[in-house]
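Structural overview
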Amino acid sequence: MNDLDPLVTEARAEFAAALTPADLENAKARFIGKSGRVTELLKGLAALTPEEKKARGAAINQIKQQVEGALNARRSELAEAELQEQLKAEALDVTLPGRRRGEGGLHPVSLSIERIEAIFGSMGFDVADGPEIETDWFNFTALNTPADHPARSMHDTFYVEGGHLLRTHTSPMQVRYAVQHVKRHAERETRGERVPEIRVIAPGRTYRVDSDATHSPMFHQCEGLWIGENVSFADLKSVLGDFFAAFFETNDLNIRFRPSFFPFTEPSAEVDIAFASGPLKGRWLEVGGAGQVHPNVVRNFGLDAERYIGFAFGLGPDRLTMLRYGVNDLRLFFDGDVRFLSQFKV
Ligand code: FA5
């Protein structure tokens, strides 16, 4: 024990009190920095005799070494603590389940359209696709719609630049598909042979100036067309009857053909369905329009209207989807809310 020992004790206490490397460096400066207490003691040696210097110098150096030893020990402690802190912060809990990538799914209306295609496919219907921006000819004129028909007004139809419009129904696909079909079989027609039957559906997006719980400005339709030499309204009823039974997987269903008017069919009907049981029991909902294709339209297909006859229909896949899943507002399908849409994931 000498008079310098308390200095070492003090240094140890100050180093221990330093909680960060910066605090420790400050504490170090107070003892062995340029004007630190140990350094000052060394400077004081100058005033001593050579004899005294030797003994005192050795003692001071000894405590200097002890202070440096304490400093290094504390440095290691702080570095170790910092490392532990970092490891803790970056710790991986390997027992946690992995994060899954969000899985998408088909939109409920797309699921319905897939079902519609599969069911009509099994009845021998081809599937066709066509433009959503249409000409006045295909959307109206070729479908026997007169110039003053209210559907042609700006209140009902979205017109786009260049005299085009957003198709208001999928019926223009009747004409587009039939004209191509007739062209493909033109030689038979000139030889007086029978043109093969036209049997096609054309699902897709359609647009109208319309918005409420059962009407959306963008909605879907699925056109159907069956033309042959002897295709009757009775065939229409049985095809749609079979379709609805397959689509809703039930025979507990009433179908009503309500007399109506479309310029392109004669006679025409609105098609309503009502379930005979379940939560929607007894409520009629219109799901489409249909009828025997008007002879003027058959002529616009390029066919002999005396020889060829058949039916067309336009179903609303959005309404069918509402019924299938019990959704009461059509607009929910198009709001893009993932919480709503993810319920239909299959
Ligand atoms: C038509 O659009 C005719 N082209 C259907 C047709 C085709 C008749 C072939 C004869 C022969 P309508 O305007 O009734 O008809 O529409 C048919 C179906 O589309 C409606 O029953 C309904 O299910 C659906 N629909 C019509 N407007 C909307 C809308 N704004 N939102 C959602 N669905 C609609």
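Note on numbering: residues in each chain are counted from 1, in written sequence order. Where local features are concerned, this predicted model is filtered to residues with pLDDT of at least 70; where side-chain atom pairs are given and counted, the filter is 80 or more; whole-chain, interface and lining totals use all residues. Each side-chain value is worked out from all heavy atoms of the structure, with water and hydrogens disregarded.

1. Concerning the domain arrangement of the protein
Note the threshold: Domain start and stop points were drawn from an automatic or database domain assignment.
Considered domain by domain, the protein is made up of domain 1 (5–89) and domain 2 (108–344). Computed from C-alpha coordinates alone, the two centres of domain 1 and domain 2 are separated by 92 Å.

2. A short note on the layout of surface pockets
Selection criterion: Here a cavity denotes a set of grid points, spaced 1 Å apart and computed over the protein atoms alone, in which a 1.4 Å probe fits but from which it cannot get out, and a pocket denotes an open set meeting protein on both sides within 12 Å along at least five of seven lines; residues with an atom within 4 Å of a point are reported as lining. Grid points are joined across faces, edges and corners, and a volume is the space filled by probe spheres set on the points. Secondary structure elements follow DSSP: runs of H or I no shorter than four residues count as helices, runs of E no shorter than two count as strands, and numbering proceeds from the N terminus. Amino acids outside the nonpolar list (Ala, Val, Leu, Ile, Met, Phe, Trp, Tyr, Cys, Pro) and the charged list (Asp, Glu, Lys, Arg) are all regarded as polar, and Gly is one of them.
The volume enclosed by the largest pocket comes to roughly 840 Å³. Taken together, 38 residues make up the lining of the largest pocket; nearest its centre are T168, H169, R208, Q221 and F262. If you list the elements that add at least two residues to the lining of the largest pocket, you get β5 (218–228), β6 (253–262), β7 (265–275), β8 (285–293), β9 (309–315) and α11 (317–325). Here the lining of the largest pocket takes 5 residues from β8, the largest share from any one element. Class assignment for the residues of the lining of the largest pocket results in 13 nonpolar, 17 polar and 8 charged. Here the second largest pocket is characterised by a volume of approximately 160 Å³. If you go around the second largest pocket, the residues you meet are T214, L280, R283, L285, M322, L323, G326, V327 and N328. Of the residues assigned to the lining of the second largest pocket, the class counts are 5 nonpolar, 3 polar and 1 charged.

3. A closer look at empty space enclosed by the protein
On inspection of all chains with the given rule, the structure shows 1 cavity of 30 Å³ or more. By volume, the largest cavity amounts to about 30 Å³. For the lining of the largest cavity, the residue count by class is 6 nonpolar, 1 polar and 1 charged.

4. Considerations on helix α9 (residues 233–248)
To keep it simple, the criterion reads: Here the expected length of a helix is defined as 1.5 Å per residue gap, with one fewer gap than residues. Each residue gets one of three labels from its accessible area relative to the maximum for its type: buried under 20%, exposed over 50%, partly exposed in between, using a 1.4 Å probe on protein chains only. Identification of polar contacts relies on pairs of N or O atoms within 3.5 Å, with a donor-acceptor requirement for protein atoms, meaning one able to donate a hydrogen and the other able to accept it, and with residues adjacent in sequence counted only if both atoms are side-chain atoms.
With 16 residues, α9 extends 22 Å from end C-alpha to end C-alpha; this agrees with the ideal 22 Å at 1.5 Å per step. Burial in α9 covers these residues: L236, V239, L240, G241, F243, F244, A245, F247 and F248. Two or three places before A234, at the opening of α9, S232 has a side-chain oxygen 3.2 Å from that residue's backbone nitrogen. Where α9 terminates, the next one or two residues include E249, which has phi positive at roughly 55 degrees.

5. Quick word on the site of the ligand
What counts, and what does not: One heavy atom suffices: a residue is near a molecule or strand as soon as one of its heavy atoms comes within 4 Å of it.
Close contacts around the ligand come from 26 residues, with H169, S171, R208, Q221 and E286 the closest. D210 places a side-chain nitrogen or oxygen 3.4 Å from a nitrogen atom of the ligand. Between G288 and the ligand, the recorded distance is 3.0 Å, taken from a backbone N or O atom to an oxygen atom. Sorting the residues of the shell around the ligand by element identifies β5, β7, β8 and β9 as the ones contributing at least two each. Per-element tally for the shell around the ligand: the top contributor is β8, with 5 residues.

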